[in-house]
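# Working through the structure, step by step
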Amino acid sequence: MVAALLAQPTLEALAEQSHRRAAEGYRCMKIKVGANTTSGDVERIAAVRTVFDGSLRLDANGAWNLQQAEAACAEFEGFDIQYIEDPLPAPHAGNADAVRQWQKLAAGTGIPLALDAGSERSATRDSPISASAISYVILKLARTGGPSPALDIVRLSHSSGIRCIFTDSVETGVGQRATLHCAAAARAIVDDRDSNAGCDVGLAGPVMIESIGKTGLLAQAPCANLAGPEIGRAHV
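Criteria and thresholds
Residues numbered from 1 in each chain as written. Predicted model: local features only at pLDDT ≥ 70, side-chain atom pairs only at ≥ 80, totals over all residues. Heavy atoms only, no water. Buried < 20%, exposed > 50% of the residue type's maximum accessible area, 1.4 Å probe, protein only. Helix = DSSP H or I, 4+ residues; strand = E, 2+ residues; numbered from the N terminus. Pairing = 2+ DSSP bridges. Phe/Tyr/Trp six-rings, centres within 6.5 Å; stacked < 30°, edge-to-face > 60°. Core = buried A, V, L, I, M, F, W, Y, C linked by side-chain atoms within 4.5 Å. Contact = heavy atoms within 4.5 Å. Salt bridge = Lys/Arg side-chain N within 4 Å of Asp/Glu carboxyl O. Polar contact = N/O pair within 3.5 Å; in protein donor to acceptor, adjacent residues only side chain to side chain. Arc of directions from axis to C-beta. Right-handed = clockwise from strand over helix to strand, strands pointing away.

## A look at the pairing of strand β6 (residues 136-140)
- Of all 5 residues in β6, 5 are buried; the element is thus mostly enclosed.
- Judged by which residues are buried, β6 turns out to be covered on both faces: Tyr-136, Ile-138 and Lys-140 on one side and Val-137 and Leu-139 on the other are all buried.
- Across 4 bridges, the pairing between strand β5 (residues 113-117) and β6 is parallel. Following the sheet pairing, Ala-114 is matched in β6 by Tyr-136.
- As paired elements, β6 and strand β7 (residues 163-167) share 5 bridges and run parallel to each other. Across the sheet, the residue bridging to Ile-138 is Ile-165, located in β7.

Here it is as structure tokens:
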């Protein structure tokens, strides 16, 4: 499914935006956290939950150290969070101590963790993916180095039981179509047609929304039926 990013300066405006997005058909929403106090983040999450009971994702952009992340996750656990993205800084390849911190956080919280992946720190043995410290990996072609490295991460993630979510870095229609094609191709790796498992699309621009709809499955938009760059089975 496609997630709506929520960003408003007041609790009232945030709740109103959540209500609008839900009325537009969004079943998944995302909130940035970690920029202010944890109590402020709790208020914002609570404001969204007053009007929206669907999938809710959080993104901390690596704002916390381990102690701060543990405390924040403890405060968020009562809100039925699908996952929290980058609660800790993403470790670079070979940083075993940082990976152990991800493992410790994962073991101590009921909220699944997600990693915003780049190929230089993800498709390695010493990574949160290989260490099974995360439940989701977020893939952006501009950061992974293109479709082939992204699909390598899909293979590594799938072997560890980790779900992949494709998104883009606020790109043009060309980048959005490439991302959608890659996500559709990744379905062949996980051999999945269930929107609740395997691969998914996260935040998306107009091209993705037009192609698969706010609640559509990638299986309904295979590569052969989409205009734009072909990724196809040869890359899988």
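## Things to note about the packing of aromatic side chains
- With the rule as written, the count across this model stands at 2 aromatic pairs.
- Between Trp-64 and Phe-76 the ring centres are 6.2 Å apart and the planes differ by 45°, which places this aromatic pair in the tilted class. Placement of Trp-64 in the loop between β3 (55-59) and α3 (66-76) and of Phe-76 in helix α3 is noted, with a sequence separation of 12 residues between them.
- By relative accessible area, which is 7% here, Trp-64 ends up buried.
- For Phe-76, a relative accessible area of 0% corresponds to the buried category.
- Ring geometry for Tyr-83 versus Tyr-136: centroids 4.7 Å apart, planes at 40°, classification tilted. Of this pair, Tyr-83 sits in strand β4 (residues 83-85) while Tyr-136 sits in strand β6, and the two are 53 residues apart along the sequence.
- The class for Tyr-83 is buried, based on a relative accessible area of 2%.

## Looking at the nonpolar core
- Core analysis: the biggest nonpolar cluster contains 51 residues, and Val-33, Ile-45, Phe-76, Ile-84, Val-137, Val-154 and Phe-166 have the highest contact counts within it.
- Sorting elements by how many residues they give to this core places helix α8 (residues 173-190) first, with 6 residues.
- With residues near it in sequence (within four places) discarded, Ile-45 still touches Ile-31, Val-33, Leu-56, Leu-58, Phe-76, Phe-79 and Ile-81.

## Description of the pattern of salt bridges
- Under the criterion given, the structure shown has 10 salt bridges.
- The residue Lys-30 makes a salt bridge to Glu-85 at a minimum N-O spacing of 3.0 Å. Placement of Lys-30 in strand β2 (residues 28-32) and of Glu-85 in strand β4 is noted, with a sequence separation of 55 residues between them. Per residue, the accessibility class of Lys-30 equals that of Glu-85, and both read buried.
- In this structure, Asp-41 engages Arg-44 in a salt bridge whose closest nitrogen and oxygen atoms are separated by 3.5 Å. Remark: Arg-44 and Asp-41 occur in helix α2 (residues 38-49); sequence separation between them is 3 residues, near one turn of the helix. Across this residue pair, the class does not change: Asp-41 and Arg-44 are buried.
- One network of salt bridges, with partners in common, ties together Lys-30, Lys-32, Asp-59 and Glu-85.

## A word on the environment of Asp-59
- Topologically, Asp-59 is positioned in strand β3.
- When its relative accessible area of 2% is taken as the criterion, Asp-59 is described as buried.
- Once the C-alpha coordinates of Asp-59 and Gly-34 are considered, the two residues, 25 residues apart in sequence, prove to be 8.0 Å apart.
- If near-sequence neighbours (up to four positions away) are discounted, Asp-59 is found in contact with Lys-30, Ile-31, Lys-32, Val-33, Glu-85 and Asp-86.
- A polar contact of 3.3 Å, which involves the side chain of Asp-59, links it to the side chain of Lys-30.
- Only 3.0 Å separates the side chain of Asp-59 from the backbone nitrogen of Asn-61, close enough to count as a polar contact.

## Quick word on α3
- Considered for burial, the residues of α3 that qualify are Leu-66, Ala-69, Ala-72, Cys-73 and Phe-76. All buried residues of α3 lie within an arc of 125° about the axis, which places them on one face of the element. Turned more than 90 degrees away from the buried face of α3 sit Gln-67 and Ala-74, all of them exposed.
- Looking at the buried residues of α3, the elements they touch are α2, β3, β4 and α4 (96-108).

## Some details on the pairing of β2
- Among the 5 residues in β2, 4 count as buried, and that is most of the element.
- Read from strand β1 (residues 4-6) through helix α1 (residues 11-23) to β2, the crossover connection turns out right-handed.
- As judged from the 5 bridges shared by β2 and β3, these two strands associate in the parallel manner. Opposite Met-29, over in β3, you have Leu-56 as the bridge partner.
- Between the parallel pair β2 and β3, the chain is carried across by α2, and the sense of this crossover is right-handed.

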